[in-house]
Amino acid sequence: MEKSGKERKAVKRWRRNRNAGEILAWFRENMASAKSELNYTNPFELVVAVVLSAQCTDKRVNMVTPALFERFPSPDSLAGASFEEVYEYIKSVSFPNNKARHLLGMAKRLVEDFGSQVPSTVEELETLPGVGRKTANVVASIIYGVPVIAVDTHVFRVSHRLGFSNGKTPLEVEGDLNEIVPLEERAEAHHWLILHGRYVCVARKPKCGSCGVAKWCPSAEVQAE
Ligand code: SF4
């Protein structure tokens, strides 16, 4: 008998969840030590590094942050800097004009509204200049252990290929991932999916032949064609 739309959806969801369980188990076993590739030593440095990493590589950001953090080790020191001085330190990352402005605005807001501390909730973090949902989620999960998954371009792409989500926006993908990934694994899942997207499930030619989760991935054959 022909399945109804509701039944087809239920089967699809069941398959997605079954595969997700296998895929998450594989990541858990094989990427247990996954972590951010940005260098930082405290919450302030992490939020600065994540702001700088928008549409830029972590490697490039890690090249500019040692000197930047040495000159501006705290929100107070950065808040008192001039635009030109900050720009000089970060001019080799993408969009240095905007990012210099954002860093100055963020430092001032931290000093004026948060006692020079990086706030711990996604909602508060999102009020900082230059800090969108993705950056807020990264900082909240890494520093404060808040169970949220930051959806960047890698997480977005890999989630679609793995059949975890059909979401059209990062927020929709985040919602779908929240249905699949248990609370206690959301912080790690963010790193699993980012690193998998950065090194294996790359944008142009995903390396399906050497991918550890290929046998559960609905895109493996499509990508191999
Ligand atoms: S099998 Fe291919 S498409 Fe699927 S996750 Fe692995 S690399 Fe990506």
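Residues numbered from 1 in each chain as written. Predicted model: local features only at pLDDT ≥ 70, side-chain atom pairs only at ≥ 80, totals over all residues.

**Student:** I would appreciate a short explanation of the overall build of the protein chain in the present structure.
**Tutor:** Looking only at helices and strands, the protein chain has 12 helices and 0 strands in total. Reading the helices (α) and strands (β) of the protein chain from amino to carboxyl end gives α-α-α-α-α-α-α-α-α-α-α-α. In the protein chain, which comprises 225 residues, the share counted as buried stands at 36%. (Helix = DSSP H or I, 4+ residues; strand = E, 2+ residues; numbered from the N terminus. Buried ≥ 20, exposed ≤ 12 C-beta atoms within 10 Å, placed from the backbone.)

**Student:** Explanation requested: the packing of helix α9 (residues 153–161) against helix α11 (residues 186–199) in the structure shown.
**Tutor:** Axis angle and axis distance: for two packed helices, these are the angle between their axes and the distance between the axes, and together they describe the pair. Relative to each other, α9 and α11 sit at 85°, their axes nearing to 8 Å. One element, α9, and the other, α11, form an angle in the roughly perpendicular class. Only H190, L193, I194, H196, G197 and R198 of α11 make contact with α9, whose side of the interface consists of H154, V155, R157, V158 and S159. Here the contact of α9 with α11 is composed, by residue class, of 4 nonpolar, 5 polar and 2 charged. (Axes fitted to C-alpha atoms, helices over the stretch in contact; angles between N-to-C directions. Parallel < 35°, antiparallel > 145°, perpendicular 65-115°, else oblique. Contact = placed C-beta atoms within 7 Å. Nonpolar A, V, L, I, M, F, W, Y, C, P; charged D, E, K, R; others polar.)

**Student:** In this structure, what is going on with the domain arrangement of the protein chain? I would like to understand it.
**Tutor:** Size of an interface, as often reported, equals the accessible area lost when the parts are brought together. Entries for the protein chain in the domain assignment read domain 1 (17–32 + 148–224) and domain 2 (43–144). Its C-alpha centre places domain 1 at a distance of 27 Å from the equivalent point of domain 2. Listed by partner, the interface residues are 10 residues for domain 1 and 8 residues for domain 2. A total of 3 residues in the side of domain 1 that touches domain 2 trace back to one element, the largest contributor, which is α11. Taken together, the residues that form the side of domain 1 that touches domain 2 break down as 7 nonpolar, 1 polar and 2 charged. (Domains from an automatic or database assignment.)

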